[in-house]
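# Remarks on the overall topology
What follows is each chain in one-letter form.
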Amino acid sequence: MVVMEPSTYPEPDVRLARLAEAVGLPPACPPTDQFLDDLAQRTGLHTHDLLLVADLPVPATAWLFDETASASSSLVSRSLALPPSGRQLLRTRARSMTAPAGTLTPRQPRPYEQYPPGFGSLLLRMLALRNLNWSGAAKAMCLMSGVCKAASTIGAVGRGAKELDAEMLDGFAATLGIRVAVLAHLTGIRPSGEHREPAPEVVDTASLIWDIRHLTWDQEGELTAYAEVLGRK
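Residues numbered from 1 in each chain as written. Predicted model: local features only at pLDDT ≥ 70, side-chain atom pairs only at ≥ 80, totals over all residues. Heavy atoms only, no water.

### Thoughts on the side chain of Asp66
Within the secondary structure, Asp66 sits in the loop between β1 (64–65) and α4 (73–81). No salt bridge is formed by the buried Asp66; its nearest oppositely charged neighbour, Arg110, is found at 9.5 Å. Of the polar contacts made by the side chain of Asp66, one reaches the side chain of Thr68; its length is 2.6 Å. In this structure, Asp66 is in contact with Thr103, Leu104, Asn131, Leu215, Thr216 and Trp217, ignoring residues within four places of it in sequence. (Helix = DSSP H or I, 4+ residues; strand = E, 2+ residues; numbered from the N terminus. Buried < 20%, exposed > 50% of the residue type's maximum accessible area, 1.4 Å probe, protein only. Lys, Arg positive; Asp, Glu negative; His and termini not counted. Salt bridge = Lys/Arg side-chain N within 4 Å of Asp/Glu carboxyl O. Polar contact = N/O pair within 3.5 Å; in protein donor to acceptor, adjacent residues only side chain to side chain. Contact = heavy atoms within 4.5 Å.)

Take a look at the structure:
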C-alpha cells in the first residue's frame, strides 16, 4: 500500500486556521468553544467535525449508532426530490424521533478502517460521524453530487492509497452539505470548477443525514415511507 497523504498533512492548528481563513474568521489557538461554534456556523460543518479537525476528543455519545441503519439510497433520493416544504417536514419528523433505549451501540471501527493521518481519513471519519460506512458514503455521494465511485475507492481515499483529488472533493463537499471552496481551502486541493454554493436540496439532505445518524433501521424505514408520502402530495 502506498500512503500518499501523511507527509503533507498539517498540524491541527494549521488545519483550523485554514478553515477560519476560508470563511473570514480570525483564528484562535488554542480553539475556544466560541471559536468552534462560530467556525461551525460559517463553514456548515458541525462542532464534532471540527473536533476531528483539531484532533480533540469527540464525545463518546457521538459514536453511538445502529450500524444497520445509515441513510439509505431510498431516503436520500426521496429527500433530494422533495420541494423545500417537503424537505422541511421530513427533517422536522426526523428531529422529533429518538432511538429506543438500548438500541444504539458504540461504533467499533473494522480493521480496514484503521486509517493513517491525512485529509482522506479525516473526511471518512466525518462521514462515520453520520453513520455512513464506505458503501453508504458511496451511494449518498453519487446521488448528491453525481460523483459515483465504488465503496472500495472511498475506502482507498481514507487509507491514503488513492489521492484525494478535485472530483472527490466535490463528492465529499456535497455529502457533507458544504461549499467545495471550504474543503479546497482546508486541503489545499484546487477545486474542479467555480466555487458554487451547494444546491438547497443537497444542503437539506446532508442535514437530514446528520439528523438521522442516531436512529434505528426501523426508524429510518419509517422516515423513508414518510418521504414517499410527502413526494406524492
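### Topic: the pattern of salt bridges
For the structure shown, the criterion picks out 11 salt bridges. Its salt-bridge partner being Arg15, residue Asp55 comes within 3.1 Å of it at the nearest N-O pair. Of this pair, Asp55 sits in the loop between α3 (47–53) and β1 while Arg15 sits in helix α1 (residues 12–22), and the two are 40 residues apart along the sequence. Here Asp55 falls in the partly exposed class, since its relative accessible area comes to 48%. As a salt-bridge pair, Glu67 and Arg110 come within 2.7 Å of each other at their nearest N and O atoms. Taken together, the positions of Glu67 in the loop between β1 and α4 and Arg110 in the loop between β2 (105–106) and α6 (119–129) put the pair 43 residues apart, joining distant regions of the chain. The partly exposed category is assigned to Glu67, whose relative accessible area is 28%. Its relative accessible area of 33% is what places Arg110 among the partly exposed residues.

### Topic: helix α9 (residues 166–176)
In terms of burial, α9 is largely enclosed, as nine of its 11 residues are buried. When α9 is considered as a whole, its buried residues turn out to be Ala166, Met168, Leu169, Gly171, Phe172, Ala173, Ala174, Thr175 and Leu176. On its buried face, α9 is in contact with α6, α7 (134–145), α8 (151–159), α10 (180–187) and α11 (200–211). N-capping of α9 is provided by Asp165, with a side-chain oxygen placed 3.3 Å from the backbone N of Glu167. Among the residues trailing α9, Gly177 stands out with phi positive, at a value near 75°.

### Some points on α8
By the burial criterion, the buried members of α8 are Thr153, Ile154, Gly155, Ala156, Val157 and Gly158. Looking at the buried residues of α8, the elements they touch are α6, α7 and α9. Immediately beyond the C-terminal end of α8, within one or two residues, lies Gly160, with a positive phi of roughly 80°.

### Let's talk about the packing of aromatic side chains
Counted by the stated rule, this structure contains two aromatic pairs. When the centroid spacing of 4.9 Å and the interplanar angle of 85° are considered together, the rings of Tyr9 and Phe119 count as edge-to-face. With a gap of 110 residues between them, Tyr9 in the segment before α1 and Phe119 in helix α6 connect regions that are remote in the sequence. Comparing Tyr9 with Phe119 shows no difference in burial state: the two are buried. The lysine or arginine in question, Arg93, covers the ring of Tyr226, its NZ or CZ lying 3.7 Å from the ring centre. (Phe/Tyr/Trp six-rings, centres within 6.5 Å; stacked < 30°, edge-to-face > 60°. Lys NZ or Arg CZ within 6 Å of the ring centre and 35° of its normal.)

### Points about the state of the cysteines
This structure, assessed with the given rule, holds one disulfide. Disulfide pairing places Cys142 opposite Cys148 at an S-S distance of 1.9 Å. The chirality of the disulfide connecting Cys142 with Cys148 is right-handed, given an S-S dihedral of about 70°. Given a relative accessible area of 28%, Cys142 falls into the partly exposed group. Assessed through its relative accessible area of 44%, Cys148 is described here as partly exposed. (Disulfide = S-S within 2.5 Å.)

### Digging into unusual backbone geometry
Each neighbour pair has its own omega, and for Cys29 with Pro30 the value is 0°, a cis peptide bond. Residue placement: Pro30 occurs in the loop between α1 and α2 (33–43).

### Here we look at the confidence of the model for the chain
Caution applies to low-pLDDT parts of the model: their predicted coordinates are not meant to be read in detail. Averaged over every residue, the pLDDT of the chain is 93; the share at 70 or more is 96%. Note on residues 1–7: pLDDT under 50 across the span, and 20 contacts to partners over four residues away in sequence or across chains. (pLDDT = per-residue confidence, 0-100.)

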